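Here is what each chain is made of, one letter per residue.
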Amino acid sequence: MLAFINSLPGAVAQGLIWGLMAIGVYITYKVLDIADLTVDGSICTGAVVFSVALIAGVPAPVAMIFAFLAGVAAGFVTGIFHTLLGIPAILSGILTQLILWSVNLKVLGKANVAIPSRTFSVIITQLNIPVSLLVLAGFTAVIALVLYWFFGTELGCSIRATGNNQNMSRAQGINTSFIKVLGLMLSNGIVALSGALLCQYQGFTDINMGRGAIVIGLAAVIIGGAIVSKLSRNFLVQLLSCSIGGIVYYVVYQLVIALGFDTDLLKMLSAVVVAVFLSIPYFKKTYFSKVKLNKNAENDDVELKENDETIAEEVKENE
Amino acid sequence: MSDINDIVSSAEVSRDAAALVLDGVTKVFNPGTINEKIALSDLSLTIRDGEFVTVIGGNGAGKSTMLNAIAGVFKPDGGKIIIGGVDVTKRSEYKRAKYLGRVFQDPLLGTASNMMIEENLAIAYRRGKPRGLKWGLTKKDRELFREQLAYFDLGLENRLSAKVGLLSGGQRQAITLIMATLNKPKLLLLDEHTAALDPKTAKKVLSLTDKIVEENNLTTLMITHNMSDAIKHGNRLIMMNEGRIVYDVKGEEKKNLTVKDLLEKFENSSIELSDKMLLS
């Protein structure tokens, strides 16, 4: 139990890092209505680009901008696959993810690289959790506020409209292909940024660090969404809910470990949890709406009757 | 038919005054397969500014295909589409939106259900303008939307921040109508926009349509399967069959038209009527 309590600050820090990643996932999955699997690759790309730049002597904040831009580029590739080449979004993401695997390996030069906080000046590290927590909280707040502003602008509104109804968006003069590419770029930029934070926090970059990232991101989005859904529909709250979801995910993760659960099975557990949550809306619709369906059927009858009557009226009028 | 051809051949001169010119537009779906279907067959039509044209025709006559061709949902196989003097034949759907207001048959298609009424209106208000990093919904916009909604008496002026998904089909069509006309379009395209509504609501939406069209002096193309609606509304009526126009009437002649006349026309041109049309 003590071990669990001791692990809590670290869990919160990790939750905040993955919460930022989840904000990226939120943009594609919730706002644009695209399941983008690029993130498994772009989170690692962020870490790789950051590490290589840092080792080359670039200051950490600048290296993070590089990481962000690398993520933006990854999102651009997926966007082009999807819009210009007409490849389904999921497949586009998987293709880019595979491309990124090679790119990451080439850029990093080997499977993993250490960036210890003793040697490099990084902005967060698990060796100093209190400061890291402060930095991460500030970081999350700034990103969330910038996104809140952005999605309130004309351009941001078009992204939301495109995710909601492409047909309407095109009819209102929105270039939905451009908007999708833009959304994917923004999302993957943020995901890469979280990768840059993650490698600083853990002190190394590993070529495998993105595996299954989408599942963690989705879990954070879903858990966070469930927690705040009753509280507020405000967009800022929705964005911050991703971080809350990330924190809850990692606290539960630590709890499960503290309870002696086989850590080899944790990824499976995450996947099962996400599968269950994703299936809830479908279950509700399919198995709990019988009453509603019957009601609709009755309404249809009434409407038909009304229809007949008006037809009769009209025929009379015309005669 | 000869009338229409005359109008088209003299169109070179009068194109500036025409809101829409379709010049020999052709569209074939599934070419070269057993499902090949000539949806539009050398279709020519000129609509002058201020005309309110109702379109009738049987199933598969090409009414919706014509509207979609104008809107740019697909590119025609041949012919030209000119809106307000601008050749838009090669322009994509979103680029043509600048000139067009559109309302669809399905009330779900015209609005973003997860967004607020005012957000939907704000997006429509910026149709045809570049969308940048300015605030997407200003106080001034909100005032204007409230006024508009109050003016058309929809009872929605105090529900600006309600999600559109909460509204009924009729309310959504009314909102879509206002969205289509908030920025005065060169041409308003109505694709059986009351067909999915119950008769009472359909009537309301139609009278709202008349009001909006009249007040903004809009050039309008309205598809309907209801012959008496086609006669009652607008100042010109065209009948389509097999991807072309078979009957075109306006002015006094249109005013004096009866459903019986139309049915005769249908019989004379041996057009297969759909059940939907016979019933309505």
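Residues numbered from 1 in each chain as written. Chains lettered and ligands numbered in written order. Predicted model: local features only at pLDDT ≥ 70, side-chain atom pairs only at ≥ 80, totals over all residues. Heavy atoms only, no water.

Caption draft 1: Up close: the overall build of chain B. For chain B, the helix and strand inventory stands at twelve helices and ten strands. The 280 residues of chain B split such that 52% are buried. Of the contacts formed within chain B by residues at least 6 apart in sequence, a portion of 68% connects residues at least 24 apart. Counting every atom, chain B has about 12600 Å² of accessible surface; 48% of that belongs to carbon and sulfur. (Helix = DSSP H or I, 4+ residues; strand = E, 2+ residues; numbered from the N terminus. Buried < 20%, exposed > 50% of the residue type's maximum accessible area, 1.4 Å probe, protein only. Contact = heavy atoms within 4.5 Å. Areas by Shrake-Rupley, 256 points an atom, 1.4 Å probe, with all protein chains shown as cover.)

Caption draft 2: Geometry of the overall build of chain A. Tallying secondary structure elements over chain A gives twelve helices and two strands in all. Listing the helices and strands of chain A from first to last along the sequence gives α-α-α-α-β-α-α-α-α-β-α-α-α-α. Counted over contacts in chain A with a minimum sequence separation of 6, partners at least 24 positions apart contribute 77%. Looking at chain A as shown, the accessible area adds up to about 15400 Å², and 67% of this sits on carbon and sulfur atoms.

Caption draft 3: Fine view of empty space enclosed by the protein. For the structure shown, the criterion picks out two cavities of 30 Å³ or more. There is about 60 Å³ of room inside the largest cavity. Forming the boundary of the largest cavity are B:Leu67, B:Asn68, B:Ala71, B:Arg102, B:Val103, B:Phe104, B:Leu189 and B:Asp191. Sorting the residues of the lining of the largest cavity by element identifies helix 3 (63–71), strand 6 (100–103) and strand 7 (187–191) of chain B as the ones contributing at least two each. Ranked by residue count, the leading element in the lining of the largest cavity is helix 3 of chain B, at three residues. Of the residues that constitute the lining of the largest cavity, the class distribution is five nonpolar, one polar and two charged. Taken together, A:Ala171, A:Gln172, B:Leu100, B:Gly101, B:Arg102, B:Phe104, B:Gly110, B:Arg127, B:Thr176 and B:Ala180 form the lining of the second largest cavity. Put simply, the parts of the chain that give the lining of the second largest cavity at least two residues each are strand 6 and helix 7 (169–182) of chain B. Of the residues forming the lining of the second largest cavity, the biggest block, three residues, is contributed by strand 6 of chain B. Considering only residue class, the lining of the second largest cavity consists of four nonpolar, four polar and two charged. (1 Å grid on protein atoms, 1.4 Å probe; cavity = no way out; pocket = protein on both sides within 12 Å on 5 of 7 lines; lining within 4 Å. Points joined across faces, edges and corners; volume = space filled by probe spheres on them. Nonpolar A, V, L, I, M, F, W, Y, C, P; charged D, E, K, R; others polar.)

Caption draft 4: Representation of the interface of chain A and chain B in the model. Across the boundary between the two partners, chain A contributes 28 residues, which contact 37 residues of chain B. Summed over both partners, the interface of chain A with chain B comes to about 2900 Å²; 54% of that surface belongs to carbon and sulfur atoms. In this assembly, chain A and chain B are joined by three salt bridges. B:Glu119 is the salt-bridge partner of A:Arg160, the closest N and O atoms lying 2.4 Å from each other. Of all the elements in the fold, those that place two or more residues in the side of chain A that touches chain B are helix 5 (129–150), helix 6 (154–164), helix 7 (166–171) and helix 12 (290–318) of chain A. (Buried area = accessible area lost by both parts, 1.4 Å probe. Salt bridge = Lys/Arg side-chain N within 4 Å of Asp/Glu carboxyl O.)

Caption draft 5: How the structure looks around the layout of surface pockets. By volume, the largest pocket amounts to about 1900 Å³. Lining of the largest pocket is provided by 41 residues; of these, A:Tyr26, A:Lys30, A:Arg233, A:Gln238 and B:Asn114 occupy positions nearest its centre. Elements that contribute at least two residues to the lining of the largest pocket include exactly helix 1 (2–32), helix 6, helix 9 (213–228), helix 10 (235–258) and helix 11 (266–287) of chain A together with helix 5 (117–125) of chain B. Partitioned by chemical class, the residues of the lining of the largest pocket number 20 nonpolar, eleven polar and ten charged.

Caption draft 6: Spotlight on the packing of helix 2 (residues 39–55) of chain A against helix 4 (residues 89–108) of chain A. Residue and element names in this part refer to chain A. Remark: helix 2 packs on helix 4, axes separated minimally by 9 Å, with the N-to-C direction vectors making an angle of 15°. By the angle class used here, helix 2 and helix 4 are roughly parallel. Like other packed secondary-structure pairs, helix 2 and helix 4 cross with a definite hand, here left-handed. Note on element contacts: helix 4 touches helix 2 through Gln97, Leu100, Asn104, Val107 and Leu108, opposite Asp40, Gly41, Ser42, Cys44, Thr45, Val48 and Val52. Of the residues assigned to the contact of helix 2 with helix 4, the class counts are six nonpolar, five polar and one charged. (Axes fitted to C-alpha atoms, helices over the stretch in contact; angles between N-to-C directions. Parallel < 35°, antiparallel > 145°, perpendicular 65-115°, else oblique. Left-handed = near helix turned anticlockwise from the far one by under 90°.)

Caption draft 7: Molecular detail of the side chain of B:Arg126. Inspection of the secondary structure puts B:Arg126 in the loop between helix 5 and helix 6 (139–151). You can call B:Arg126 buried: its relative accessible area is 9%. Looking at B:Arg126, its side chain comes within polar contact range of the side chain of A:Glu154, at 2.9 Å. (Polar contact = N/O pair within 3.5 Å; in protein donor to acceptor, adjacent residues only side chain to side chain.)

Caption draft 8: Quick peek at the sheet that holds strand 2 (residues 37–48) of chain B. Residues and elements named next belong to chain B. The strand order across the open sheet formed by four strands is 2-1-4-5, and the pairing between neighbours is antiparallel. If you trace the sheet from one side to the other, it starts and ends with strand 2 and strand 5 (86–87), each paired once. Relative to strand 2, strand 1 (residues 18–29) is paired through eight bridges, and the arrangement is antiparallel. Bridge pairing links leucine 22 to leucine 45 in strand 2. (Pairing = 2+ DSSP bridges.)

Caption draft 9: Looking closely at the sheet that holds strand 9 (residues 236–241) of chain B. Residue and element names in this part refer to chain B. Spatial strand order, 6-7-8-3-9-10: six strands in an open sheet with mixed pairing. Each having just a single partner strand, strand 6 and strand 10 (244–250) make up the two edges of the open sheet. If you compare each strand with its neighbour and ignore which way they point, the axes differ by 20° on average. Packed on one face of the sheet, helix 7 meets strand 6 and strand 7 and runs near 175° to strand 6.

Caption draft 10: The arrangement of the pairing of strand 1 of chain B in detail. Both strand 1 of chain B and strand 4 (residues 78–83) of chain B contribute to a ladder of five bridges, which runs antiparallel. Pairing of B:Thr26 across the sheet is with B:Gly78, part of strand 4 of chain B.

Caption draft 11: The arrangement of helix 8 (residues 176–202) of chain A in detail. Residues and elements named next belong to chain A. With 27 residues, helix 8 should reach 39 Å at 1.5 Å per residue; the first-to-last C-alpha distance of 39 Å fits that figure. The buried count for helix 8 comes to 21 of 27 residues, which makes it a mostly enclosed element. Phi turns positive, to about 85°, at glycine 203, one or two residues after helix 8. (Expected span 1.5 Å × (residues − 1).)

Caption draft 12: Broad picture of a nonpolar patch on the surface. Together, A:Phe261, A:Leu265, A:Met268, A:Leu269, A:Val272, A:Val273, A:Val276, A:Phe277 and A:Ile280 make up a nonpolar patch on the protein surface, roughly 700 Å² of accessible area in all. Here A:Val273 lies in helix 11. (Patch = residues over 30% accessible without salt bridge, like charges linked within 9 Å, V, L, I, M, F, W, Y side chains within 5 Å.)

Caption draft 13: How the structure looks around the packing of helix 6 of chain B against helix 7 of chain B. All names here are of chain B. One can describe the packing of helix 6 onto helix 7 by two numbers: an axis separation of 12 Å at closest approach and a directional angle of 125°. Between helix 6 and helix 7, the crossing angle belongs to the class labelled oblique. Between helix 6 and helix 7 the crossing geometry is right-handed. Residue-level contacts link Phe145, Gln148 and Leu149 of helix 6 to Ile175, Ile178 and Leu182 of helix 7.

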